[in-house]
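Now for the letters of each chain:
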Amino acid sequence: MKTRTKILLLFAGMIFLFSCDDPETVVTNIVHPDGSVTRTIVMKSTKKIPDPAQYQVPFDSTWTISKDTIPGEKDTSWVLTATKEFRSVSEINLEYKSDSGSNKVLNRTASFSKHFRWFTTIYRYSEKVDRMLNVTVKAEDVLDEEELKYFYMPASMLDSLQAGPDSLLYREKKNINDSLENIYLFTGLTEEWIHQYLMLNPDSTYILPMKDSLVKLAANSDFDGDSLLIRAFGNTYYETNKVFINQALNEVDSLMSIAMLAKFYTCETVMPFKLIATNGFADKSGKISWPVDSKYFISQDYEMWAESKKSNAWAWAVSGVFVVFVISGLTRRSKRKRQS
Amino acid sequence: MENTEDKYRRLIDRLRENKPELEGADDLTDSIMRKIRRESEKGMNPGDILNWLFAWAGIPWLRNSLTAAMFATIFFFIFQFSSLNRKIDKLESRLIQREYNYYQSPYSSAETMGKYIFPSSSSINDSINVSRKDLMNLLNEYEKLELKSTETGPSKKRILWIHRIFRTESQAVRTTEKTTSI
């Protein structure tokens, strides 16, 4: 199979990253004010219980593990629940570092911070997945605010929107968004290819203005072998630089192959005190969800963050007393001045 | 000269010898002490406490500093809460509706029912026998959940409806069993 075709097939496969054999995994972090985290991993599948090498999120025998079976209409599902208390996020990061599961290719880090802001104390918890490519193409650069909302929306929410009222409108929106997502992902791949190509052939800046047309061609046309690149660069240029072009494509191919190993799962977080901001989707109980999917961290770092606040009652009291004290002093002085 | 000087000394000596005698010396001491006490008592007046407390208002640099600090506090309060409100407004667009509960996320309600009725996988067959007690327990639990919840969605109403039918049926069965045994 030719490299370019392989890349496209790999890319197309990304949309269906969630293979039927992979267990449905939800990892829930309950963040405590002191920075400790109660982490629960729930894996569900109708297939056989996977080996630790197939776990999307790492856990081992130090966790409290329970296994359960649930009879369904067609198949019986098994559910594996693992829970562990982490004293700090650094312990979670150690687990990520020693991960030998299906997502070991991902560089994941968790962080927690607490900032005193006098009237309030702000708590922030985040989990970040580093990008897979060398170049950075942010989704915000290609998609607008509304499109971004659909891009990051959990699949369950998209499904419910498409099944509810205005389903036709949402289906149409989804189709538009799918093609925009393709353009975004192709932009990342094209940027990476250009990066690799310029490293091999530094003087060849000729291809730079052709980036946009290459992305459009790749995203919208049927890809057949070399014709796309010939159409983009011209036959003469392509034949002259064929070796470099293919070598750069091989580099992108190997990066994409690594990205393809990543398996989908859902990350959930419950923050202490009142939730004030997040880039995920929160339900009424304050639990926030993020889909962890390759498309989010191919060409950009994917940070799933949430912020909550605690009101400092004592600071409110001190400030109130201080303001009243100063106003009283000033009023008293102005009264005396008038009297004298 | 000497004469005048002698006269002067003699007068001084005579004055020294004839000291004036105080009438009611003890009373005088008392009245002085009373006056002193009254002065110190005057210092404890609420008005004087306020004077002392707000003395800073008479010192220009301290007055200006405290006024500036007060405005800074008010400004910081307004700034912090307007930025927090903006964040919370944004958050509202990211709220989603979910039907499942926290640790039960991977279970559907049908699966929960199944789990309750069939505690082990060994009892799964194509045709099943469910003990009435287990079924009633399950439906009772659902009714309790229903009562706890303020929302009555169509699915919950259906469960209640099923419960009522089952309860009526089981009562009817019990009555039939009794009649048969008699």
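Let me sum up the structure you'll find in this document. Everything numeric here is computed off the predicted structure, so don't read it as measured data.

1. A word on the overall build of chain B
Assigned secondary structure in chain B consists of seven helices and one strand. What you see in chain B, going N to C, is helices and strands ordered as α-α-α-α-β-α-α-α. Across the 182 residues of chain B, 18% fall into the buried class. The long-range share in chain B, meaning contacts at least 24 apart out of those at least 6 apart in sequence, stands at 41%. For chain B, the computed accessible surface area is about 15100 Å², with 58% contributed by carbon and sulfur atoms.

2. Quick notes on the sheet that holds strand S1 (residues 24-31) of chain A
Reading across from one edge, S3(A)-S4(A)-S2(A)-S1(A)-S7(A)-S10(A)-S9(A)-S1(B) is the order of the eight strands in this open sheet, with mixed pairing throughout. Edge positions in the open sheet fall to strand S3 (64-71) of chain A together with strand S1 (95-96) of chain B, since each of these has one partner strand only. Two elements, strand S2 (residues 37-45) of chain A and strand S4 (residues 76-86) of chain A, share nine bridges in a ladder whose sense is antiparallel. If you follow Arg39(A) over to S4(A), its bridge partner there is Lys84(A). Across the sheet, helix H2 (residues 89-97) of chain A is in contact with S2, S4 and strand S7 (265-270) of chain A; its angle to S4(A) comes to roughly 130°.

3. Description of the sheet that holds strand S8 (residues 274-278) of chain A
Backbone hydrogen bonds hold the strands of a sheet together, and the pairing may be parallel or antiparallel. All names here are of chain A. Strand order in the open sheet formed by four strands is S5-S6-S11-S8, with antiparallel pairing between adjacent strands. If you trace the sheet from one side to the other, it starts and ends with strand S5 (108-117) and S8, each paired once. Looking at each pair of strands side by side, their axes are set apart by 20° on average, direction ignored. Where strand S6 (residues 120-129) lies against strand S11 (residues 302-311), ten bridges are found, and the strand directions are antiparallel. Bridge assignment links Glu127 to a residue of S11, and that residue is Met304.

4. Some remarks on the interface of chain B and chain A
Accessible area lost upon the coming together of the parts serves often as the stated size of an interface. Contacts between the two partners involve 42 residues from chain B, matched on the other side by 50 residues from chain A. Summing the contributions of chain B and of chain A, the shared interface buries around 4200 Å²; its carbon and sulfur component is 65%. A salt bridge links Glu307(A) to Lys87(B); its shortest N-O distance comes to 2.8 Å. Our enumeration of links across chain B and chain A arrives at five residue pairs in polar contact (both at pLDDT 80 or more).

5. Observations regarding the pattern of salt bridges
For the coordinates displayed, the defined rule picks out twelve salt bridges over all chains. Via salt bridges that share partners, Arg124(A), Glu303(A), Glu307(A) and Lys87(B) belong to a single interconnected network.

6. Considering the packing of aromatic side chains
Here the structure, examined in full by the defined rule, presents 28 aromatic pairs over all chains. On the basis of an interplanar angle of 70° and a centroid distance of 5.5 Å, the ring pair of Trp63(A) and Phe86(A) is categorised as edge-to-face. Here Trp63(A) is found in the loop between S2 and S3, whereas its partner Phe86(A) is found in strand S4, with 23 residues between them in sequence. Just as Trp63(A) is buried, Phe86(A) falls in that class too. Arranged with centres 5.4 Å apart and planes meeting at 90°, the rings of Trp316(A) and Phe77(B) form a pair that is edge-to-face. Linking Trp316(A) in helix H11 (residues 313-339) with Phe77(B) in helix H4 (residues 60-92), this pair reaches from one chain into another. By way of ring pairs, the aromatic residues Phe151(A), Tyr152(A), Tyr184(A), Tyr296(A), Phe297(A) and Tyr302(A) are connected into one cluster.

7. Details of the pairing of S1(A)
Residues and elements named next belong to chain A. Among the eight residues that make up S1, six are buried, leaving the element largely enclosed by the rest of the structure. Between S1 and S2, which pair antiparallel and follow one another directly, the connecting turn spans five residues, one of which, Gly35, has a positive phi of 95°. Relative to S7, S1 runs parallel, the two sharing five bridges. Across the sheet, Val27 pairs through a bridge with Cys267, a residue of S7.

Cut-offs applied
Residue positions are given per chain, counting from 1 as you read along its sequence in written order. As they are written, the chains are lettered A onward and the ligands numbered 1 onward, keeping that order. It should be noted that, the model being predicted, local features are given only for residues of pLDDT at least 70 and side-chain atom pairs only at 80 or more, the latter also being counted only at that level, while totals for whole chains, interfaces and linings use all residues. Hydrogens and water are ignored here; the side-chain numbers use all heavy atoms of the structure. Numbering of helices and strands starts at the N terminus; helices are DSSP runs of H or I of at least 4 residues and strands are runs of E of at least 2. Only protein chains enter the accessibility calculation, which uses a 1.4 Å probe. A residue is then buried if its area is under 20% of the maximum for its type, exposed if over 50%, and partly exposed in between. By the convention used here, residues are in contact when the closest approach between their heavy atoms is within 4.5 Å. In this description, accessible areas are obtained by the Shrake-Rupley approach with a 1.4 Å probe, and a residue is regarded as covered only by the protein chains that are shown. We treat two strands as partners when DSSP finds at least two bridges between them. Angles here are taken between N-to-C directions and fall from 0 to 180 degrees, while the axes themselves are lines fitted to C-alpha atoms, restricted in helices to the stretch in contact. Joining two parts hides part of their accessible area as seen by a 1.4 Å probe, and the buried area is that hidden amount summed over both. In what follows, salt bridge is the name for a side-chain nitrogen of Lys or Arg lying within 4 Å of a carboxyl oxygen of Asp or Glu. Here a polar contact is taken to be a pair of N or O atoms separated by no more than 3.5 Å, where protein atoms must pair a possible hydrogen donor with a possible acceptor and residues adjacent in sequence count only if both atoms sit in side chains. Centre distance within 6.5 Å is the pairing criterion for rings of Phe, Tyr and Trp, where only the six-membered ring of Trp is used; planes under 30 degrees apart are then read as stacked, over 60 as edge-to-face, and the remainder as tilted.

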